[in-house]
Amino acid sequence: GQHQGSESPEGEPMSDIIDSLRDDANYYGEVGRQYLSNSDIKVLLDNPAMFGVPTPDNAAFARGRLFHQLILEPEKAAKVEGVNCASRNTKVYKEACAERGEEFMLLTNEMEEMHRLANKMLGHFDFYEAIRDDANTDEEPAVGTIMGREFKGKADIVCPDRLIDLKTTSNIDDFKWSARKYGYDSQAYIYQSLFGKPMVFFAIDKKTGMMGMYEPSEEFILRGREKVERALEVHDRFFGADATSTIETFYITQTL
């Protein structure tokens, strides 16, 4: 769980660490890298050779980030610039990136899509009320020890009795399966451990705008816990202080 009064692995007071992790540059930068996160768990299970390798920005990340910012940090969303062209293979796009010194930018139509989805979610009374509750804290980081390792997480919305995580999905009918595939089960387990509160997912279908609220079952959380255990075994085998194998020897074994 959270140890507010304790010290970080580097001996800094916990409250200072939490403060510094509020800044994305630190959360994703050097300070944050001392902690494991749910995305590390996913990488360790899917492709451990990529563990610790920074992922370049891409359309899926940038769209999801803008969707979150429109709802939770509108002042950041207002600064996001788009390129008004049909695709990233165009000269217009490449010139816009070069001009701004960006490796990657969103297209105007992608930005419009995210605006539409954010407005749709906030336009529904039940969702609006849950998201905009005065008792909530948005974009709140936490760190803590899980299975003897130091983990970090940043919750979209911390409510008095639960966490709300915002998701966009390409097919809401399959959300149950994509929640497994994209590691939302391990996320729910990790965040519940760090914040001491259950997590619910608010999802919206990118194509239809259909929305859903999803509460994890106990089974879902347990599956998340198993994933974390498995990932940490992989971590110790290849990257731990007493690593027994090199990552080059890694291969997949599965029962079909």
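Criteria and cut-off values
Residues numbered from 1 in each chain as written. Predicted model: local features only at pLDDT ≥ 70, side-chain atom pairs only at ≥ 80, totals over all residues. Heavy atoms only, no water. Helix = DSSP H or I, 4+ residues; strand = E, 2+ residues; numbered from the N terminus. Expected span 1.5 Å × (residues − 1). Buried < 20%, exposed > 50% of the residue type's maximum accessible area, 1.4 Å probe, protein only. Core = buried A, V, L, I, M, F, W, Y, C linked by side-chain atoms within 4.5 Å. Contact = heavy atoms within 4.5 Å. Salt bridge = Lys/Arg side-chain N within 4 Å of Asp/Glu carboxyl O. Pairing = 2+ DSSP bridges.

Asker: Now, about helix H10 (residues 184-195): what can you tell me, with residues and values included?
Answerer: With twelve residues, H10 should cover 16 Å at 1.5 Å per step; its first-to-last C-alpha distance of 16 Å lies within 8% of that length. Counting buried positions along H10 yields ten of twelve residues, so the element is predominantly enclosed. Those residues of H10 not exposed but buried are Tyr-184, Asp-185, Ser-186, Gln-187, Ala-188, Tyr-189, Ile-190, Tyr-191, Leu-194 and Phe-195. Immediately downstream of H10, the backbone of Gly-196 shows phi near 70°, a positive value.

Asker: Break down the nonpolar core for me, with residues and values.
Answerer: By size, the foremost hydrophobic cluster in this structure holds 38 residues, and its most contacted members are Phe-151, Ile-190, Tyr-191 and Phe-195. For this core, the secondary-structure elements that each account for two or more residues are helix H1 (14-21), helix H3 (38-46), strand E3 (137-146), strand E4 (149-158), helix H9 (175-181), H10, strand E6 (199-205) and helix H11 (218-239). Not counting residues within four places of it along the chain, the set of residues in contact with Tyr-191 comprises Tyr-27, Gly-153, Lys-154, Ala-155, Leu-163, Gly-196, Lys-197 and Met-199. Residues Ala-118, Phe-127, Leu-166 and Ile-204 belong to the second largest nonpolar core, which totals 34 residues.

Asker: Mind laying out the pattern of salt bridges, listing which residues take part and the relevant values?
Answerer: One pass over the full model with this rule turns up 16 salt bridges. Close ionic contact of Asp-57 with Arg-65 constitutes a salt bridge, the shortest N to O distance being 2.8 Å. Of the charged contacts in the structure, one is a salt bridge between Arg-149 and Asp-236, with a shortest N-O distance of 2.9 Å. With a gap of 87 residues between them, Arg-149 in strand E4 and Asp-236 in helix H11 connect regions that are remote in the sequence.

Asker: Would you mind going over the environment of Met-121 in detail, with residue names and values included?
Answerer: You can see Met-121 is positioned in helix H7 (residues 108-122). With 107 residues separating them along the chain, Met-121 and Val-228 place their C-alpha atoms 31 Å apart. Non-local contacts of Met-121, meaning those with residues more than four positions away in its chain, are made with Phe-67, Ile-71, Phe-127, Tyr-128, Ile-131, Leu-166, Phe-202, Ala-203, Ile-204 and Met-211.

Asker: Kindly report on the pairing of E4, identifying the contributing residues and their values.
Answerer: Within a regular strand, side chains alternate between the sheet's two faces. The buried fraction of E4 is high, at eight of ten residues. Of the strand pairs in this sheet, E3 and E4 are connected by nine bridges, and their pairing is antiparallel. Among the inter-strand pairings, Pro-141 is bridged to a residue of E4, identified as Lys-154. Counted along the chain from E3 to the antiparallel partner E4, the turn is two residues long, and its residue Met-147 has a positive phi close to 50°. Across two bridges, the pairing between E4 and strand E5 (residues 163-169) is antiparallel. Its bridge partner being in E5, Val-158 is matched across the sheet by Leu-163. Between E4 and E5, which pair antiparallel and follow one another directly, the connecting turn spans four residues.

These results come straight from atomic positions and should not be treated as a statement about function.
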